[in-house]
Amino acid sequence: MTLIPTDLSATRIADVVCDPNREIVASSRVIDLSVGIVVCIPCFRRPQHLRLTLDSLVSQRTPRSFAVVMVENDAARRESAPVAAEYLAGGRLQGVCLVEKRQGNCQAINAAFETAQALFPAATRFLMIDDDEIASPDWLELMVRTAEATGADVVGGPVVPVFDDDSQPWLSRHPAFCPAYDYSGAVPLIYGCGNCLITRAVFERFERPAFDLRFNFLGGGDCDFFVRCRDAGMTFHWTAEAVITETVPQSRTSLGWIAKRGLRIGAINYRVQSKAARSAAARMLVFAQMVGRMPLSLVRAASLLTSSKTVVAMHPVMVALGSVLAAFGIEPKPYEASKIVS
């Protein structure tokens, strides 16, 4: 164990954050540089919920030492920073909080993982949880144990919605909220980093930034990253027991929001597949496939109407429409600060 008092290591911390757009704003009194596990937490205008997220990390049932790296992505208001400082200064968690002045989903995630790798040179496993999520008590132990037992490059787990408005329980089965898998085992791909573990070796295979900034305001930079991991031959494992719950406010259960979510998923699908296409002919094929899925989605929706609510049945149509719009250069930008409701 290599313990350093942070008041004696300000120079080291400053050296780690050599980007002028990043600023360390809080740190624990002592940092153990020998930790092998770091939990990364992008933060944006949810200070009250961040307390719940951090409480869930404090309560982890594991003998393993770990650190946290929090990234405040609202450089003006900085509402998350005082909460982070409270937990760090009080010794409830060890690590740092930094401000990433460049706003956007991928900017915050890149800042978290890059700082974690630089500040904790012995760390080999990097987990991520969002500031609107709560980790179950055995989450970290299960994720790390899975990585050790399987040798997987990437481990994923379910993010289970908890709705503020519980009058529509069927929403948990909507594709916009339902986890990708319902079993533990090897899987071909995971699609999001809201509950994931990535090994250092994965990051070392790619140039920085790992998460493509072209997805910064659309979202889907995590999906693109994991597709590139798959194409590079890396392995994925799913741990169904390592549950994280996501608090879903009522504003995200409206028909309008769900429809926009479908459009965004379609836009991400097109962007990821188009990016992976290496030639003009391949890109034209992706374009043709996306346009061709529109009539097929209507058939799929019609079949779903016999057993599902209309909002579920229409999801394939919205995804297909989102892909077509993206093919013509029309994309949503939900991660722009002006589009985010505090």
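Residues numbered from 1 in each chain as written. Predicted model: local features only at pLDDT ≥ 70, side-chain atom pairs only at ≥ 80, totals over all residues. Heavy atoms only, no water.

### Side note on the environment of Glu204
Item 1. Tracing the backbone shows Glu204 in helix α6 (residues 200-204).
Item 2. The class of Glu204 is exposed, set by a relative accessible area of 58%.
Item 3. On a C-alpha basis, the gap between Glu204 and Leu305 in space is 47 Å, while along the polypeptide they are 101 residues apart. (Helix = DSSP H or I, 4+ residues; strand = E, 2+ residues; numbered from the N terminus. Buried < 20%, exposed > 50% of the residue type's maximum accessible area, 1.4 Å probe, protein only.)

### Here we look at the environment of Val69
Item 1. Along the chain, Val69 turns up in strand β5 (residues 67-72).
Item 2. Look at Val69 and you get buried, because its relative accessible area is 0%.
Item 3. Beyond its immediate chain neighbours, meaning those up to four positions away, Val69 contacts Val38, Val39, Cys40, Ile41, Val96, Leu98, Ala112, Thr115, Ala116 and Phe120. (Contact = heavy atoms within 4.5 Å.)

### Some details on the UniProt feature "domain: Glycosyltransferase 2-like" (unreviewed entry) in the protein
Item 1. Per the UniProt annotation, the sites labelled "domain: Glycosyltransferase 2-like" (unreviewed entry) are residues 39-184.
Item 2. Secondary structure across residues 39-184 comprises 34% helix and 23% strand; the distance between its end C-alpha atoms is 22 Å. (UniProt positions renumbered as here; feature names shortened; annotations may be inferred.)

### A word on the pairing of strand β14 (residues 244-248)
Item 1. Alternating positions in β14 separate cleanly, Ile244, Glu246 and Val248 being buried on one face and Thr245 and Thr247 remaining unburied on the opposite face.
Item 2. Taken together, the three bridges between strand β8 (residues 133-135) and β14 define a ladder with antiparallel strand orientation. In the sheet register, Ala135 faces β14, and the bridge partner there is Ile244.
Item 3. Sheet analysis places strand β10 (residues 159-163) next to β14, joined by five bridges and oriented parallel. From the neighbouring strand, Pro161 faces β14, where its bridge partner is Glu246. (Pairing = 2+ DSSP bridges.)

### Thoughts on the packing of helix α9 (residues 280-304) against helix α11 (residues 315-327)
Item 1. Contact pair α9 / α11: the axes reach a minimum separation of 8 Å and the direction vectors enclose 165°. Taken together, α9 and α11 sit at an angle that is classed as roughly antiparallel. In the packing of α9 onto α11, the handedness of the crossing is left-handed. Of the residues in α11, those in contact with Phe287, Met290, Val291, Arg293, Met294, Ser297, Leu298, Arg300, Ala301 and Leu304 of α9 are Pro316, Val317, Ala320, Leu321, Ser323, Val324 and Ala327.
Item 2. Residue classes in the contact of α9 with α11 are distributed as 13 nonpolar, two polar and two charged. (Axes fitted to C-alpha atoms, helices over the stretch in contact; angles between N-to-C directions. Parallel < 35°, antiparallel > 145°, perpendicular 65-115°, else oblique. Left-handed = near helix turned anticlockwise from the far one by under 90°. Nonpolar A, V, L, I, M, F, W, Y, C, P; charged D, E, K, R; others polar.)

### A look at the sheet that holds strand β6 (residues 95-100)
The pairing of strands in a sheet happens through backbone hydrogen bonds and is either parallel or antiparallel.
Item 1. Read across the open sheet, the nine strands follow the order β2-β6-β5-β4-β7-β12-β9-β13-β11; overall the sheet is mixed. If you trace the sheet from one side to the other, it starts and ends with β2 (22-27) and β11 (185-187), each paired once. Across the sheet, the mean angle separating the axes of adjacent strands is 25° when strand polarity is ignored.
Item 2. Pairing of strand β4 (residues 37-43) with strand β7 (residues 125-129) involves four bridges; the strand directions are parallel. In the strand pairing of β7, Val38 is matched with Phe126.
Item 3. In the packing of helix α4 (residues 105-119) onto the sheet, the strands contacted are β2, β4, β5, β6, β7 and β12 (195-199), and the crossing angle to β6 comes to about 145°.

### Notes on unusual backbone geometry
When glycine is set aside, most residues are seen to have a negative phi, and most peptide bonds are trans.
Item 1. In the segment running from Arg208 into Pro209, the intervening peptide bond is cis, with an omega of 0°.
Item 2. Among the secondary structure elements, Pro209 is positioned in the loop between α6 and α7 (221-231).
Item 3. A positive phi angle, close to 60°, is found at Arg45, a residue other than glycine.
Item 4. As for its position among the elements, Arg45 is in the loop between β4 and α2 (47-58).
Item 5. Given the relative accessible area of 16%, Arg45 is considered buried.
Item 6. In the Ramachandran plot, Arg78 falls in the positive-phi region, its phi being about 50° despite a non-glycine side chain.
Item 7. Tracing the backbone shows Arg78 in the loop between β5 and α3 (80-89).

### A look at the pattern of salt bridges
Item 1. Counted by the stated rule, this structure contains 24 salt bridges.
Item 2. In this structure, Arg92 and Asp55 form a salt bridge, with 3.2 Å as the shortest nitrogen-oxygen distance. Linking Arg92 in the loop between α3 and β6 with Asp55 in helix α2, this pair joins segments that are 37 residues apart in sequence.
Item 3. Among the residues examined, Asp55 registers a relative accessible area of 29% and is labelled partly exposed.
Item 4. A network of salt bridges, in which partner residues are shared, links Asp19, Arg22, Glu100, Arg102 and Glu114. (Salt bridge = Lys/Arg side-chain N within 4 Å of Asp/Glu carboxyl O.)

### Re the packing of aromatic side chains
Here a ring pair, both rings aromatic, is described through the centre-centre distance and the interplanar angle of the planes.
Item 1. The tally for this structure, following the rule as stated, stands at 13 aromatic pairs.
Item 2. When the ring of Phe113 is compared with that of Phe203, the centres are 5.0 Å apart and the planes differ by 45°; the resulting orientation is tilted. Highlighted residues: Phe113 in helix α4 and Phe203 in helix α6, separated in sequence by 90 residues.
Item 3. An aromatic cluster is defined as three or more aromatic residues linked by ring pairs; in this entry it consists of Phe113, Phe126, Phe203, Phe206, Phe211, Phe225, Phe226 and Phe236.
Item 4. Above the plane of the ring of Phe206 lies Arg228, whose end atom (NZ or CZ) is 5.4 Å from the centre. (Phe/Tyr/Trp six-rings, centres within 6.5 Å; stacked < 30°, edge-to-face > 60°. Lys NZ or Arg CZ within 6 Å of the ring centre and 35° of its normal.)

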